[in-house]
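Secondary and tertiary structure notes
Here's the letter readout for the chains.
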Amino acid sequence: MLTRFFPAERVVARAMMRLSLAGSVVVALAAPLDAQKVRLEVGLPAQPALADEPPSVSSAGLLADASMRDLLANGFPARLHYRLERWSSGRWFDDLKAAFEWDVILKYDVLGKKYQVVRVVNKKAEPLGDYPAVADAEGAAEAPYKVAIGLPKKGERGYYNLLLDVETLSLSDLDEVQRWLRGELKPAVSGKKNPGTALGRGVRTLVVRLLGGEKRHYEARTGKFRP
């Protein structure tokens, strides 16, 4: 009998086959990206505008490896969670003065054959476009973004610290990501999730771990400056 797999099911079947072959294969698949392939940058405005204009954040290479692209192409969304912090620099201790967080979500619409990119800020979704090629979608997701973070005062010495977590999908609730893309931004209410989806979420989590896309963490920091 011929068994037909839908896109996500093909990834499950492929991962299960790899798991059965050899443990070393799983280790190789779970290896993180080469740090040299990833670039994070916090761009500062010109010196006279440090207290008046926000910094910009850009990145490159976050989704370039084959396992990430394979998952994206089979309908598993990628979430990029950014947190930019502004620290003041003191004589003895540094002090966190401001922070700003946002998400960028990429998802491949298998039926429409297009990549969707959405930025989520303060629970509001901003569509960044639909793209036929994954490289174009990555370009939109990683393009410079001016961050609405609290700015330093004149004469305040400090620096910016950027933290980024990349998940191939939300391990806690893939359905929440789907709602984000539809504009339904309320998170799932604890205890009211459909129990029938629990097995599906467990299988998805296993697949992501096997393919090396569970979660990746990156950081970047500017030099110290004074407006």
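Note that the structure is predicted; figures quoted are calculated from it, not measured. (Residues numbered from 1 in each chain as written. Predicted model: local features only at pLDDT ≥ 70, side-chain atom pairs only at ≥ 80, totals over all residues. Heavy atoms only, no water.)

1. A few points about empty space enclosed by the protein
Over the atoms, a rolling probe the size of a water molecule traces out where space has been left empty. Enumeration over the complete set of coordinates arrives at two cavities of 30 Å³ or more. Computed from the structure, the largest cavity encloses a volume of approximately 60 Å³. If one sorts the elements of the lining of the largest cavity by residue count, strand 2 (residues 56-60) sits on top with three residues. Within the lining of the largest cavity, the residues separate by chemical class into seven nonpolar, two polar and two charged. (1 Å grid on protein atoms, 1.4 Å probe; cavity = no way out; pocket = protein on both sides within 12 Å on 5 of 7 lines; lining within 4 Å. Points joined across faces, edges and corners; volume = space filled by probe spheres on them. Helix = DSSP H or I, 4+ residues; strand = E, 2+ residues; numbered from the N terminus. Nonpolar A, V, L, I, M, F, W, Y, C, P; charged D, E, K, R; others polar.)

2. Points about the sheet that holds strand 9 (residues 216-221)
In space, the six strands of this open sheet follow the order 6-5-4-3-8-9, with antiparallel pairing throughout. Lying at the two open borders of the sheet, with one neighbouring strand each, are strand 6 (124-131) and strand 9. If you compare each strand with its neighbour and ignore which way they point, the axes differ by 20 degrees on average. Two elements, strand 3 (residues 78-89) and strand 8 (residues 158-167), share 10 bridges in a ladder whose sense is antiparallel. Paired with arginine 86 across the bridge in strand 8 is tyrosine 160. Contacts from helix 3 (residues 66-73) reach strand 3, strand 4 (94-109), strand 5 (114-121), strand 8 and strand 9 within the one sheet, and its direction differs from that of strand 4 by about 55 degrees. (Pairing = 2+ DSSP bridges. Axes fitted to C-alpha atoms, helices over the stretch in contact; angles between N-to-C directions. Contact = heavy atoms within 4.5 Å.)

3. Some details on the confidence of the model for the chain
Confidence in the prediction for the chain averages 74 pLDDT; 64% of positions are at 70 or higher. Per-element averaging of pLDDT across the chain places helix 2 (residues 23-30) at the bottom with 27 and strand 7 (residues 145-146) at the top with 97. Counting contacts from residues 187-202, a segment whose pLDDT is below 50, to residues more than four positions away or on other chains yields 14 contacts. Within the model, the stretch residues 208-212 combines pLDDT values under 50 with 19 contacts to residues more than four positions away or in other chains. (pLDDT = per-residue confidence, 0-100.)

4. Some points on helix 3
Along helix 3, the residues that are buried comprise Ser67, Met68, Leu71 and Leu72. Here the buried residues of helix 3 occupy an arc of 135 degrees about the axis, which is enough to place them on one side. Glycine 75, located one to two residues past helix 3, shows a positive phi value of around 95 degrees. (Buried < 20%, exposed > 50% of the residue type's maximum accessible area, 1.4 Å probe, protein only. Arc of directions from axis to C-beta.)

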